[in-house]
2 protein chains.
Amino acid sequence: MQQTRFLLDQKDLPDHWYNVVADMPNPPAPYLGPDGNPVPPEAMLQIFPEALVMQEVSAERWIPIPDEVREALTMWHPSPLIRATRLEKALGTPAKIYFKNESVSPAGSHKPNTAVAQAYYNKQAGIRRLTTETGAGQWGCSLSLAGQIFGLDVRVYMVKISYEQKPYRRTLMRTWGAEVFASPTDMTESGRHILAQHPDSDGSLGIAISEAVEEAAGRDDTNYALGSVLNHVLLHQTIIGQEAKKQLEMAGDYPDMIFSPCGGGSCFGGIAFPFFADKAAGKDVTLVAVEPSSCPSLTKGVYAYDVGDTEGLTPLMKMYTLGHDFMPPGIHAGGLRYHGESALISQLYDEGLINAIAVPQTETFEAGVLFARTEGIVPAPESCHAVAGAIREARRCKETGEAKTLLFNLSGHGHFDMSAYERYLDGELKDFDYPAEAIAESLQHLPKVG
Amino acid sequence: MQQTRFLLDQKDLPDHWYNVVADMPNPPAPYLGPDGNPVPPEAMLQIFPEALVMQEVSAERWIPIPDEVREALTMWHPSPLIRATRLEKALGTPAKIYFKNESVSPAGSHKPNTAVAQAYYNKQAGIRRLTTETGAGQWGCSLSLAGQIFGLDVRVYMVKISYEQKPYRRTLMRTWGAEVFASPTDMTESGRHILAQHPDSDGSLGIAISEAVEEAAGRDDTNYALGSVLNHVLLHQTIIGQEAKKQLEMAGDYPDMIFSPCGGGSCFGGIAFPFFADKAAGKDVTLVAVEPSSCPSLTKGVYAYDVGDTEGLTPLMKMYTLGHDFMPPGIHAGGLRYHGESALISQLYDEGLINAIAVPQTETFEAGVLFARTEGIVPAPESCHAVAGAIREARRCKETGEAKTLLFNLSGHGHFDMSAYERYLDGELKDFDYPAEAIAESLQHLPKVG
């Protein structure tokens, strides 16, 4: 029997996170305040514990993973690396296709990798409560689980329309002991302000962030946690790529190309950064961020200072952005509906060190269904983007006869996204036109720096 | 870091199934026809392939697993064995608690273990299509996946009320390429017969079985597949217990007690039978079937010949039964709402070789939530029964100070059962009164033998 599953023992879980900053040709562009001056790290202490702020600005290559965090991670890590031989056969490609299966976490995606680290450092700092926002619910679930593990109360502001449309994600958070509220609420000034203007507001990620940040900023026992974009979040995800590298060694392989969904960037950074270290050392590996054609921040955005949220509460970050008031079309990959991109990934992309492609929604679901029918696992809509990227390349290899080694990040399963599959199978899923006008309009509103 | 996850390599997947018949003190009571005479194996060939019929009546201890089936099983097997140290700590028990994690299959339960074997043998026999019934959808999903793997068309008759209430399970089956119909349909005589009498029928497992069997019996290219109860189904599940035994060896442990949910018996047989072999050889291990208090076939039923379905199409099997027209209360553990019990398990229970307990619904969900909050994974309502059984014993150990080793079968995850958790968390879930009258009534209608 051909070996297709590559498993690591619990003890092989990485003991350090890899910080890509150490291998970047240029230091990261600083976060700026509204006055155009760099934001001092201390300014972030109001809502983040010191350990995370230090990681946010660190240039150390290796940062040790605390034992308690490693122990929590071993509830589902190391995750399997799988050779997708059935998919290869269905495609008739000479390419070898591997995927890292991050859908095995209790919350169903890679998100708990950073949630447990964030919960741990907050607990160490004497914090008793965490607030966060969630859209589709993946991040809210992950933080609920992590809060439960380390004994922190978690309050999730869930975008109201998702709260109503995705009751099962909401129940999952409650099962792990979290409080979940439909945002906008009347519990914060931000929420009351919106409700006064729009009593029937469906909510938005921007509003939910404002509520969560406001509550955390106003209480000493409470901090805020974010699931993507920031440097420390991407850092915590690098166990994915480190493990994949060891597992590919077991398989006697090394990837020519790596594909990952890319929204805020934690999934891409998690698998790609540890291979970027090799690339920086001269190795030939192509790192491909796959984004939705209808929310194409890397492939169609501009590289400029912008805020991370709709309301403009965050510092200015230099990133590829479609403009912070761009409202992405309603694709099912909710985790990729973000106007901007991690500053680290943006800088690497701007320097031509990583690649990006944009894929339309129906192509991603076509890929997801083919994957489910060959490899069994039903991918999350976000993950379907990585599958689609790998399949495009595998088909190209079929034409050219190249036996490339491809690796992609299966970031999560689609068990809570079956309504999207239903619409696809019913032929009701359409591709959105490229929102050129909305993006052009939104880019007019980029904040002035200084 | 303490080792809590015990993983086997792909190559360590068992290469034989274990047939408990070889170690039973008495041969199994034969299946009987309506005339009271044993049913000849040939009679089953109309809807099952010969290889499965031979397994159904085999007394061989070890039956080789074909390479193609092993290869398909390695998509998710060997499954992990996990020491539930966080649960132990939360309970403050001196007991060691291990669980076998069968929720890792693409369909989310142990059911695909037999689905792939059944699909393989049918394909080998030249069959092109499979029909089956499904209630909550676990089995229909598993057979859809297996049909996809071996290139068989699958048609699922899904109980109409589940079809409407569980659209996501239905979509999952379609994602794996199956046709799914709400039963009763107008495509079979059985269906039309019911619809003529009850145009608004919600359907039942009994009706759905009749439709699936009728179609398979009427077409040469089509066979029928069943997800539990029969000997060959339990046989295919014995990879669970065989793996668990190896993994416990890695942990340097051996179980004092094993707990498994028990409805038709495939989950219990899968984990318990390989340990029964040790018990038959003199080892001290207690095997506990955990059933719902509101559908307590072992603990409150009678040991008698009864049919396996509501309509009476199956042979008579000697089993613990509540009577084939007993309609169990609407508990959320749909997979345990079955009037009878596997003949093999019934006989072992009757001979005092295995144990059984019955647990009320709210206790199972209380156990499931505690498990989710400590070990992360949200168990299926059926699996909550095993968790509850193990927790009862662990609490008893706390009182007595015994450091017993407990093992349970986490048969599946609850991702498609979150509405049940929602009701539990909202305090809306009630325990049903023991349906004494309905059972007494139903037991009046046991078929006359001969």
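Residues numbered from 1 in each chain as written. Chains lettered and ligands numbered in written order. Predicted model: local features only at pLDDT ≥ 70, side-chain atom pairs only at ≥ 80, totals over all residues. Heavy atoms only, no water.

**Thoughts on the packing of aromatic side chains**
All names here are of chain A. All told, the structure shown has 29 aromatic pairs over all chains when counted by the stated rule. The interplanar angle of 80° and the centroid separation of 5.2 Å between the aromatic rings of F365 and Y421 together place this pair among those described as edge-to-face. With a gap of 56 residues between them, F365 in helix α15 (residues 361-375) and Y421 in helix α17 (residues 418-425) connect regions that are remote in the sequence. Pair check on accessibility: F365 and Y421 agree, each one buried. Relative to F408, the ring of F371 has its centre 5.8 Å away and its plane inclined at 75°; by these criteria the two rings are edge-to-face. A residue pair is termed long-range when its members are at least 10 positions apart, and F371 in helix α15 and F408 in strand β15 (residues 405-410) qualify at 37 residues. (Phe/Tyr/Trp six-rings, centres within 6.5 Å; stacked < 30°, edge-to-face > 60°. Helix = DSSP H or I, 4+ residues; strand = E, 2+ residues; numbered from the N terminus. Buried < 20%, exposed > 50% of the residue type's maximum accessible area, 1.4 Å probe, protein only.)

**Some points on the interface of chain B and chain A**
The interface is formed by 46 residues belonging to chain B together with 46 residues belonging to chain A. When chain B packs against chain A, close to 4,200 Å² is buried across both sides, 55% of that on carbon and sulfur atoms. Seen at the junction of chain B and chain A, the total is 4 salt bridges. Here R170(A) makes a salt bridge to E422(B), at a shortest N to O gap of 2.9 Å. Applying the counting criterion to the chain B and chain A interface returns 21 residue pairs in polar contact (both at pLDDT 80 or more). (Contact = heavy atoms within 4.5 Å. Buried area = accessible area lost by both parts, 1.4 Å probe. Salt bridge = Lys/Arg side-chain N within 4 Å of Asp/Glu carboxyl O. Polar contact = N/O pair within 3.5 Å; in protein donor to acceptor, adjacent residues only side chain to side chain.)

**Here's the deal with the sheet that holds strand β14 (residues 355-359) of chain A**
All names here are of chain A. Here we have 7 strands laid out as an open sheet, ordered β1-β4-β5-β15-β10-β11-β14, and mixed in their pairing. Every other strand in the sheet has two partners, leaving β1 (5-6) and β14 as the edge strands with one partner each. Of the pairings in the sheet, the one linking strand β11 (residues 286-292) to β14 comprises 5 bridges and is parallel in character. Within β14, the position partnered with V288 by the bridge is N355. This element, helix α11 (residues 239-250), spans β1, β4 (81-83), β5 (96-101) and β15 of the sheet and lies at about 135° to β5. Helix α16 (residues 381-400) rests against β5, β10 (257-261), β11, β14 and β15 of the sheet, and its axis sits at about 150° to β10. (Pairing = 2+ DSSP bridges. Axes fitted to C-alpha atoms, helices over the stretch in contact; angles between N-to-C directions.)

**Observations regarding the packing of helix α11 (residues 239-250) of chain B against helix α12 (residues 266-280) of chain B**
Residue and element names in this part refer to chain B. For the pair α11 and α12, the least separation of the axes is 6 Å and the interaxial angle reads 65°. When you trace α11 past α12, the crossing you get is right-handed. Contacts from I240, G241, Q242, A244, K245 and L248 in α11 reach G270, I271, P274, F275 and D278 in α12. Grouping the amino acids of the contact of α11 with α12 by side-chain chemistry returns 6 nonpolar, 3 polar and 2 charged. (Left-handed = near helix turned anticlockwise from the far one by under 90°. Nonpolar A, V, L, I, M, F, W, Y, C, P; charged D, E, K, R; others polar.)

**Some details on the state of the cysteines**
By definition, a disulfide links the sulfur atoms of two cysteines through a covalent bond. By the definition in use, this model includes 0 disulfides over all chains. Counting only cysteine sulfurs, C267(A) is the nearest neighbor of C262(A), a cysteine outside any disulfide, at a range of 8.0 Å. (Disulfide = S-S within 2.5 Å.)

**A word on helix α15 (residues 361-375) of chain B**
Residue and element names in this part refer to chain B. For α15, spanning 15 residues, the distance from its first C-alpha to its last is 21 Å, which sits close to the expected 21 Å at 1.5 Å a residue. All buried positions along α15 are accounted for by Q361, T364, F365, A367, G368, V369, F371, A372, T374 and E375. G376, located one to two residues past α15, shows a positive phi value of around 90°. (Expected span 1.5 Å × (residues − 1).)

**Topic: the relation of the copies chain B and chain A**
Each of the two copies of the chain can be brought onto the other by a rotation about an axis and a shift along it. If you rotate chain B by 180° and push it 0.0 Å along the axis, it lands on chain A with an RMSD of 0.0 Å. Classification of the inter-copy transformation places it as that of a two-fold axis. The position closest to the rotation axis in chain B is occupied by the C-alpha of H415(B), lying 3.3 Å away. Interface overlap between copies is the fraction of interface residues in one copy that are interface residues in the other; for chain B against chain A it reaches 100%, indicating a shared surface. (Least-squares fit on C-alpha atoms with pLDDT ≥ 70 in both.)

**Quick word on the pairing of strand β13 (residues 316-321) of chain B**
All names here are of chain B. The buried fraction of β13 is high, at 5 of 6 residues. With 6 bridges joining them, strand β12 (residues 302-307) and β13 adopt antiparallel strand pairing. By the bridge assignment for β13, V307 is matched with L316.

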